[in-house]
Amino acid sequence: MSDFMNEGWSNYITLVSLVGIIWCIWLLFSQRKAKVIHTAEGTVSDTGHVWDGDLRELNNPLPNWWRWMYLIGCLFGLTYLALYPGLGSYSGLLDFTTSKELTTSMEQANQELKPIYAKYSNMSIEQVAVDPKAQEIGQRLFLNSCSQCHGSDAGGSTGFPNLTDADWLYGGKPQDIQATITLGRNGVMPPFAAIADQQVDDVANYTRSLSSLPNDTKKSERGAAVFKTYCVACHGNDGKGNMALGAPNLTDKVWLYGGSQEKIIETIIKGRMAMMPAQDKVLSVEKIKLLTAYVWGLSNNKATSDK
Ligand code: HEC
Ligand code: HEC
């Protein structure tokens, strides 16, 4: 049974396909009956059809090569339909599916790549990060799997963190980055729709004061109390965040969603929920290691080369 059609349709399609091919074979043999008729002069008679004055249609039989080609074509069709899926939901004698073929070819490719990755398996992330060949592979993996969200330069955009700036939501040590990529992350800032408008305005001013952005001193003084009540549990007493929760540091001028008064108010009222998808089912451990080294290198290699 297929997911897309019931048994009845499957049988119907099977019947139409097989009867179609059998009809083609029948057609060939049924038309062979017309024998070649020779005229008295020994030449082939014509059908009586004449075009353009002297173009006669002769009553020749089909050439043998053509007949064989036709038959072989029909037999090829029948053999193909016996071996591969094509007759309704019948899966074929070879049990072929495109998804199985993809899995096999991916396994094969992984086997071929093994010796290349083996070289890096005993190296630390820091060592892999300075290996030019590993960086090249890492960049290609990044472009394939990560750039759609983090940008091809890993610079990020609203809601998607910049991975080149040495500012981390979940930690920038090699093992933190590896854990982020392997298991994914899900930062949840709950919506605070119930706080009074004035309090939201106050705490937003206070949040801006944390990174020395222009703010209304009076409001932000009041906002400090609101922050203590509602926000310190995740963002900490000093607003420096909590990497275990992915709660951003609010004092560093690096914004995931924007640091304007409006954006901060939007964050507080509506909440935010960023989702970094886990890669452990998608990428092999070896690939994740090269990606970790690539991402780690984006901020750390730069730091060493700047020195
Ligand atoms: C579907 C979009 C998406 C894809 C694809 C994606 N990411 Fe992410 N990534 C995110 C989001 C969103 C976050 C922020 C999560 C949060 O704030 O909780 C994130 C966070 C991260 C972080 C943590 C940054 C920090 O500051 O701690 C790293 C590292 C990372 N991603 C690397 C990668 C790598 C490497 C890949 C490719 C294998 C990748 N991401 C693919 C959306 C994505
Ligand atoms: C339950 C924990 C939690 C509480 C409580 C909480 N936050 Fe957050 N906050 C987070 C997390 C996690 C994020 C990151 C969300 C994401 O990655 O999508 C965040 C994001 C933010 C951002 C966006 C930062 C940026 O870089 O754009 C601001 C601003 C913010 N919080 C302010 C506050 C304020 C103000 C309060 C109190 C009213 C508060 N938060 C309460 C967990 C929390």
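Residues numbered from 1 in each chain as written. Chains lettered and ligands numbered in written order. Predicted model: local features only at pLDDT ≥ 70, side-chain atom pairs only at ≥ 80, totals over all residues. Heavy atoms only, no water.

1. Considering the packing of helix 3 (residues 98-121) against helix 5 (residues 132-145)
Relative orientation of the contacting elements helix 3 and helix 5 amounts to 115°, with a least axis distance of 11 Å. Of the two elements, helix 3 crosses helix 5, and the hand of that crossing is left-handed. Residue-level inspection shows Ile116, Tyr117 and Tyr120 of helix 3 in contact with helix 5, the latter providing Lys133, Ala134, Ile137 and Leu141. Of the residues in the contact of helix 3 with helix 5, the class split is six nonpolar, no polar and one charged. (Axes fitted to C-alpha atoms, helices over the stretch in contact; angles between N-to-C directions. Helix = DSSP H or I, 4+ residues; strand = E, 2+ residues; numbered from the N terminus. Left-handed = near helix turned anticlockwise from the far one by under 90°. Contact = heavy atoms within 4.5 Å. Nonpolar A, V, L, I, M, F, W, Y, C, P; charged D, E, K, R; others polar.)

2. Observations concerning the domain arrangement of the protein
Often, the extent of an interface is quoted as the loss of accessible area upon association of its parts. We note that the domain assignment places domain 1 (7-83), domain 2 (105-184 + 277-306) and domain 3 (187-276) within the protein. Placing a centre on the C-alpha atoms of domain 1 and another on those of domain 2 gives a separation of 62 Å. (Domains from an automatic or database assignment.)

3. As for the coordination of the iron atom of ligand 1
Distances from the iron atom of ligand 1 to its protein donors, namely His150 (NE2) and Met276 (SD), fall within the range 2.0 to 2.1 Å. On the accessibility criterion, His150 (9% relative accessible area) is buried. A relative accessible area of 21% means that Met276 is categorised as partly exposed. (Donors = N, O, S within 2.8 Å, 3.2 Å for Na, K, Ca; no water. Buried < 20%, exposed > 50% of the residue type's maximum accessible area, 1.4 Å probe, protein only.)

4. Let's talk about the confidence of the model for the protein
Looking at the protein as a whole, the pLDDT averages 91, with 96% of positions reaching at least 70. Mean pLDDT values over the elements of the protein span from 84, in helix 12 (residues 285-306), up to 97, in helix 7 (residues 174-183). (pLDDT = per-residue confidence, 0-100.)

5. Considerations on the packing of helix 1 (residues 7-30) against helix 2 (residues 64-83)
Two elements in contact, helix 1 and helix 2, have axes separated by 10 Å at closest approach and are oriented at 160°. By the angle between their directions, the pair helix 1 and helix 2 is classed as roughly antiparallel. Both helix 1 and helix 2 take part in a crossing whose hand is left-handed. Contacts from Leu18, Ile21, Cys24, Ile25, Leu27, Leu28 and Phe29 in helix 1 reach Trp66, Arg67, Tyr70, Leu71, Cys74, Gly77, Leu78 and Leu81 in helix 2. (Parallel < 35°, antiparallel > 145°, perpendicular 65-115°, else oblique.)

6. Regarding the site of ligand 1
Taken together, 25 residues form the shell around ligand 1, and within it Cys146, Cys149, His150, Tyr170 and Met276 come nearest. Separating a nitrogen atom of ligand 1 from a side-chain N or O atom of His150 is a distance of 2.8 Å. Within the contact set of ligand 1, an oxygen atom lies 2.8 Å away from a backbone nitrogen or oxygen of Gly187. Among the elements of the structure, helix 6 (147-150), helix 7, strand 3 (185-189), strand 4 (272-276) and helix 12 are those that each provide at least two residues to the shell around ligand 1. Looking at the shell around ligand 1 residue by residue, the class counts come to 16 nonpolar, eight polar and one charged. Two domains each provide a minimum of three residues to the shell around ligand 1, namely domain 2 (105-184 + 277-306) and domain 3 (187-276). (Near = heavy atom within 4 Å. Polar contact = N/O pair within 3.5 Å; in protein donor to acceptor, adjacent residues only side chain to side chain.)

7. Brief notes about the environment of Ile13
Along the chain, Ile13 turns up in helix 1. For Ile13 and Gly88, which are 75 residues apart along the polypeptide, the C-alpha to C-alpha distance reads 5.4 Å. Among all residues touching Ile13, those that are not within four sequence positions of it are Met5 and Gly88.

8. With respect to the packing of aromatic side chains
Under the counting rule described, the total for this entry stands at eight aromatic pairs. Relative to Tyr294, the ring of Phe142 has its centre 5.6 Å away and its plane inclined at 50°; by these criteria the two rings are tilted. A residue pair is termed long-range when its members are at least 10 positions apart, and Phe142 in helix 5 and Tyr294 in helix 12 qualify at 152 residues. Each member of the pair, Phe142 together with Tyr294, is buried. With centroids separated by 5.2 Å and ring planes inclined at 55°, the aromatic side chains of Tyr206 and Phe227 adopt a geometry described as tilted. You can see Tyr206 sitting in helix 8 (residues 197-210) and its partner Phe227 sitting in helix 9 (residues 217-230), a full 21 residues away along the chain. A relative accessible area of 3% places Phe227 in the buried class. An aromatic cluster is present here, built from Phe76, Tyr80, Tyr84 and Phe96 joined pairwise through their rings. (Phe/Tyr/Trp six-rings, centres within 6.5 Å; stacked < 30°, edge-to-face > 60°.)

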